[in-house]
Amino acid sequence: MFRLFFILPIIFAFFVSCKKAGLAPFVHQENSSTASSAESVKASDRPSDSSGGVPGYLTLGCTLSFPADGLGVDSACVLADQAGKASLPTYASVWSWKYELEDQGSPAPTVIISELTQDQPFHVVYRFTGQSREKLLSQAQKAKFSLKMQPKDGSDVVVIQESIAKKLNMSLATRFRYIKITFPSLKAPWPDTQELDIERLELKWENVWRQGVFSDFSGRIGPYEAIVSASSYAVDRNSFPFYAFQRAPAGNIWETAFRTYDTGGQHDAIGAPQWLKIDFKDYPIALQGIKIDGGDSRDTAGSEGSPDSFYIEGSADDVSWTLIEGSRFENVDTTNLASFEWGKP
């Protein structure tokens, strides 16, 4: 479940306590009937990273990003409770997502609202299109997003609403459906090492490190479905590429095909470098970092084919690839688990 503290830092706009019979018609508005009798939510009572949330309170958080297809600007919002992403049917019988735009003249942008399933980290995505990216970004930054909901009988919750315009940090990094990690050379303490070996990989996005769960080439990394493929793998040893994310009980690893790297000099790739690719399907990510644990080959010589250089590219269509800024590393040591980070989207 998408934990509350996974959401990027936000400045909250506070609401008033709602009577047990129901909430205000729009959670981002106050009306005269509620404002006169309500008490303010104290800052010390707000959900925080340390408290993990306050029972009885819901928080609406949103983040901006540029879609991988290059069309417009996205604002993704999640309603969180103490446990993380709230289950709306738990609190409400009927709900709908709303937005307000600051008047910036005409023409107005087109805004498409797409509600997501509960297994996704966000509840809804607002896509802004129909203008230049600069104008769309300005509109999205100053927009107010809210939730109209009819609470179930007996509910007693307070919604803390967020205005995007007051955010300190916005997610503006490009998201990619496909992520490809390429390994040009190895750090090989054994002269005869000719294969790349990876026993563990973790990826970081939205400020959280994610591990994989796979029993086949299709599985999950963090909360998202993913398909893993590679330039090659050792078929005779069943060293499948998804073992880089999900180690089998026997300690299986991803190992490339026989003799894919030379045995002299810098142990450079023979021909095109070997690579590992992840398809995140319906939810592109803005990658921030990677953890790599290479080596520990299962052969009798005990050689470690750990990468000592790599770079990461992203793609929306698996055809055109873009180097992710800051993700190229040279002369590194990955014989033990090592972390590499390059930014905060």
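Heads up: these notes are all about the structure in this document. (Residues numbered from 1 in each chain as written. Predicted model: local features only at pLDDT ≥ 70, side-chain atom pairs only at ≥ 80, totals over all residues. Heavy atoms only, no water.)

Turning our eyes to something else, we now look at the state of the cysteines. A full pass over the atoms with the stated rule returns one disulfide. A sulfur-sulfur distance of 2.1 Å marks the disulfide that ties cysteine 62 to cysteine 77. With the S-S bond torsion at 105°, the cross-link from cysteine 62 to cysteine 77 turns out right-handed. You can see cysteine 62 sitting in strand 2 (residues 57-65) and its partner cysteine 77 sitting in strand 3 (residues 73-81), a full 15 residues away along the chain. (Disulfide = S-S within 2.5 Å. Helix = DSSP H or I, 4+ residues; strand = E, 2+ residues; numbered from the N terminus.)

The next subject is the pairing of strand 10 (residues 178-187). For strand 10, the buried fraction is high: eight of the 10 residues fall into the buried class. Sheet topology note: the strand 10/strand 17 (residues 274-279) ladder contains six bridges and is antiparallel. From the neighbouring strand, isoleucine 179 faces strand 17, where its bridge partner is isoleucine 278. Bridging between strand 10 and strand 19 (residues 306-315) involves eight bridges; their strand directions are antiparallel. What sits directly across from tyrosine 178, in strand 19, is serine 315. (Buried < 20%, exposed > 50% of the residue type's maximum accessible area, 1.4 Å probe, protein only. Pairing = 2+ DSSP bridges.)

Further remarks concern the side chain of serine 232. Mapped onto the fold, serine 232 is located in the loop between strand 15 (224-230) and strand 16 (254-255). Here glutamine 274 takes part through its side chain, which lies 2.5 Å from a polar atom of the side chain of serine 232. Setting aside chain neighbours within four positions, we find serine 232 in contact with Trp254, Glu255, Thr256, Ala257, Thr260 and Gln274. (Polar contact = N/O pair within 3.5 Å; in protein donor to acceptor, adjacent residues only side chain to side chain. Contact = heavy atoms within 4.5 Å.)

Let us look at helix 3 (residues 133-142). Turning to helix 3, its buried residues number three or more, namely Leu136, Leu137, Gln139 and Ala140. Buried residues of helix 3 fall within an arc of 165° about the axis and therefore sit on the same side. The exposed set on the far side of helix 3, more than 90 degrees from its buried face, consists of Glu134 and Lys135. (Arc of directions from axis to C-beta.)

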